[in-house]
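# Descriptive structure summary
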Amino acid sequence: MRRHDGDVGDRPGAGRRAAALQPGWGFTHTRYSADHGTPDATERAGALLSAQPLPQNQHIMGWGAENPEPAPGRYDFQALDERVALMRATGATPVLTLCGAPDWMKGGRKGRTDWSRLEAAPDPGHYADFARLAGVVARRYPDIRHFLVWNELKGFYDERKRRWNHEGYTDLYNLVYAELKRQNPENLVGGPYVVVDHDPPGDEDGSPEVRGPWGGLDRRTVDVVHYWNAHKAGADFVVVDGASYTREGHRAIPDEFAATGKFADVTRWLRSVTGLPVWWAEWYVEPPAEDDGPGGRDGWSERHRTAVHATALMKLAVGGAAAAFYWNPQQAGGDCPGCLWRSTQLHDGGGGLPMARLLARFAREFPPGTAFRPVPATAAFGARIEVLADEAAVLVVNTERRPVAARVDGRVLALSPYEVRWLDRA
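Parameters at a glance
Residues numbered from 1 in each chain as written. Predicted model: local features only at pLDDT ≥ 70, side-chain atom pairs only at ≥ 80, totals over all residues. Heavy atoms only, no water. Helix = DSSP H or I, 4+ residues; strand = E, 2+ residues; numbered from the N terminus. Buried < 20%, exposed > 50% of the residue type's maximum accessible area, 1.4 Å probe, protein only. Contact = heavy atoms within 4.5 Å. Disulfide = S-S within 2.5 Å. Axes fitted to C-alpha atoms, helices over the stretch in contact; angles between N-to-C directions. Left-handed = near helix turned anticlockwise from the far one by under 90°. Nonpolar A, V, L, I, M, F, W, Y, C, P; charged D, E, K, R; others polar. Phe/Tyr/Trp six-rings, centres within 6.5 Å; stacked < 30°, edge-to-face > 60°. Expected span 1.5 Å × (residues − 1). Pairing = 2+ DSSP bridges. Salt bridge = Lys/Arg side-chain N within 4 Å of Asp/Glu carboxyl O.

## With respect to the overall build of the chain
Along its length, the chain carries 10 helices and 19 strands. Here the C-alpha coordinates of the chain stretch approximately 65 × 55 × 55 Å along the principal axes. Going through the 426 residues of the chain one by one, you find that 57% of them count as buried. A separation of at least 24 residues holds for 68% of the contacts in the chain among residues at least 6 apart in sequence.

Here you go:
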């Protein structure tokens, strides 16, 4: 029987709460999702999501949702209602990210939405208004228990001090936290949703506190975590996001597979510093293209991408992450690298793609708290494979762009380039 670290005995409700704090592996909805499209395609996408329900995250403004309060006290929840309905209909654990802020909270005109300023933070004088809006959202969706406060400290960078305005963010966070708990003490709230950027090994900007072969965390990021942790009104979990490549130059060190070790190292550090369950709101492994040239998400084959993401999930799991949300880059057209399903705007759309299959199987086999087991694994000709196993399943990833012969858990395998292979254990 699999052991889950969240099991806490017979205290009334404690087991349910621990499980709620560890929702596992899921994804975030972006501009396009399965709530709109041709009827057959949306039905197929809905069936895909229902077959293995995953936690699903949606922002309250932007990324598929309209301005929820265009003017003070005047609400527009239609788009957000549709996303929440999709999450409910597909059996998801629903999560809401409380970002962004209506224009009138950040110096704009009442009744107008300037989407170019989506990433602007609310003015300090409107922090309480944003907290009140968070309370309105919580009342509207009383079945939703999981809330992330803001996104990547957008709008909170202090150019003069050349660091994050972690004081301002924490003031906003504390007001939102108090309001959500006032609405329902069972609401689960997390922050600071900072980007855990890093610099190459040996770079002076890298913090000596958190480092590995992949580099060292940006000192400004470390400062955010420490300040928020010391001054927060409370938190049920700590949430961050980040990439396996460097902040500048977008280098995956030592390579794109080994660089994912960052996810395990940072997760362990966050657990030790905060004592809280660790959530990754986003994670990335494909370095972006430089100067509009080929590369990144568009430059990798789907097999390559899926193999690196599988390795990243392994590192998140062994590091002890309680949740991780894949940023789903859905598009309206047929070409959609890294998407979870074919666009529902297409008549033949809605079918699952490799990343959806990986997420669903990983969620089923290795939920948070899984007791992992070492298994013997070797690869021929100096090749490197990644292996993760418990008593019921083994995940094997070929990190090479060539076929590799391997022996895993007593079985001889012929792995194709960048193959992701699941094995059932007797």
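## Some words on the state of the cysteines
Applying the stated criterion across every chain yields a total of 1 disulfide. Covalently, Cys336 is tied to Cys339 through a disulfide, its sulfur atoms 1.5 Å apart. In terms of burial, Cys336 and Cys339 fall into one category: buried.

## Concerning the packing of helix α4 (residues 127–140) against helix α5 (residues 166–183)
It is the contact of α4 with α5, at a shortest axis distance of 8 Å, that shows an interaxial angle of 35 degrees. Helix-helix and strand crossings are classified by hand; for α4 and α5 the assignment is right-handed. Contacts from Tyr127, Ala128, Phe130, Ala131, Ala134, Gly135, Ala138 and Arg139 in α4 reach Gly168, Asp171, Leu172, Leu175, Val176, Glu179, Leu180 and Gln183 in α5. Considered class by class, the residues forming the contact of α4 with α5 number 10 nonpolar, 3 polar and 3 charged.

## Examining the environment of Ser244
Among the structural elements, Ser244 can be located in the loop between β11 (237–243) and α7 (261–274). Separated by 68 residues in sequence, Ser244 and Ala312 place their C-alpha atoms 8.5 Å apart. Beyond its immediate sequence surroundings of up to four residues, Ser244 is in contact with His198, Arg251, Ala252, Ala259, Thr260, Lys262, Phe263, Tyr284 and Val285.

## Considerations on the packing of aromatic side chains
What the rule picks out here adds up to 22 aromatic pairs. For the pair Phe130 and Trp150, a centre-to-centre distance of 5.4 Å together with 80 degrees between the ring planes defines the contact as edge-to-face. Residue Phe130 is found in helix α4, and its partner Trp150 is found in the loop between β4 (146–149) and β5 (157–158); the two are separated by 20 residues along the sequence. Residue Phe130 is classed as buried on the basis of its relative accessible area of 1%. Between the aromatic rings of Phe366 and Phe372, the centroid separation amounts to 5.4 Å while the plane-to-plane angle is 70 degrees, which identifies the pairing as edge-to-face.

## Looking at helix α9 (residues 302–319)
The terminal C-alpha atoms of α9 lie 26 Å apart, and with 18 residues this matches the ideal 26 Å at 1.5 Å per residue to within 8%. With 15 of 18 residues buried, α9 lies mostly within the body of the structure. Positive backbone phi, approximately 95 degrees, marks Gly320, located one or two places after α9.

## Some thoughts on α5
The terminal C-alpha atoms of α5, which comprises 18 residues, lie 25 Å apart, in line with the 26 Å expected from a rise of 1.5 Å per residue. Along its buried surface, α5 packs onto β3 (94–98), α4, β4, β6 (163–164), β7 (188–195) and α6 (219–231).

## Notes on the sheet that holds strand β1 (residues 24–28)
Overall, parallel pairing links the 8 strands, which are arranged β1-β2-β3-β4-β7-β11-β12-β13 in a closed barrel. On average, adjacent strands in this sheet sit at an angle of 25 degrees to one another, irrespective of strand direction. Both β1 and strand β13 (residues 323–327) contribute to a ladder of 5 bridges, which runs parallel. Counterpart to Trp25 in the pairing with β13 is Ala324. Docked against the sheet, α9 engages β1, β12 (278–284) and β13, running at close to 165 degrees with respect to β12.

## Some details on the pattern of salt bridges
The final tally for this structure, using the stated rule, is 25 salt bridges. Here Asp255 ties to Arg384 by a salt bridge, and the two come within 3.0 Å at their closest N and O atoms. Remark: Arg384 occurs in the loop between β14 (377–379) and β15 (385–389) and Asp255 occurs in the loop between β11 and α7; sequence separation between them is 129 residues. With relative accessibility at 22%, the residue Asp255 sits in the partly exposed group. On the basis of relative accessibility, which here comes to 31%, the residue Arg384 falls in the partly exposed class.

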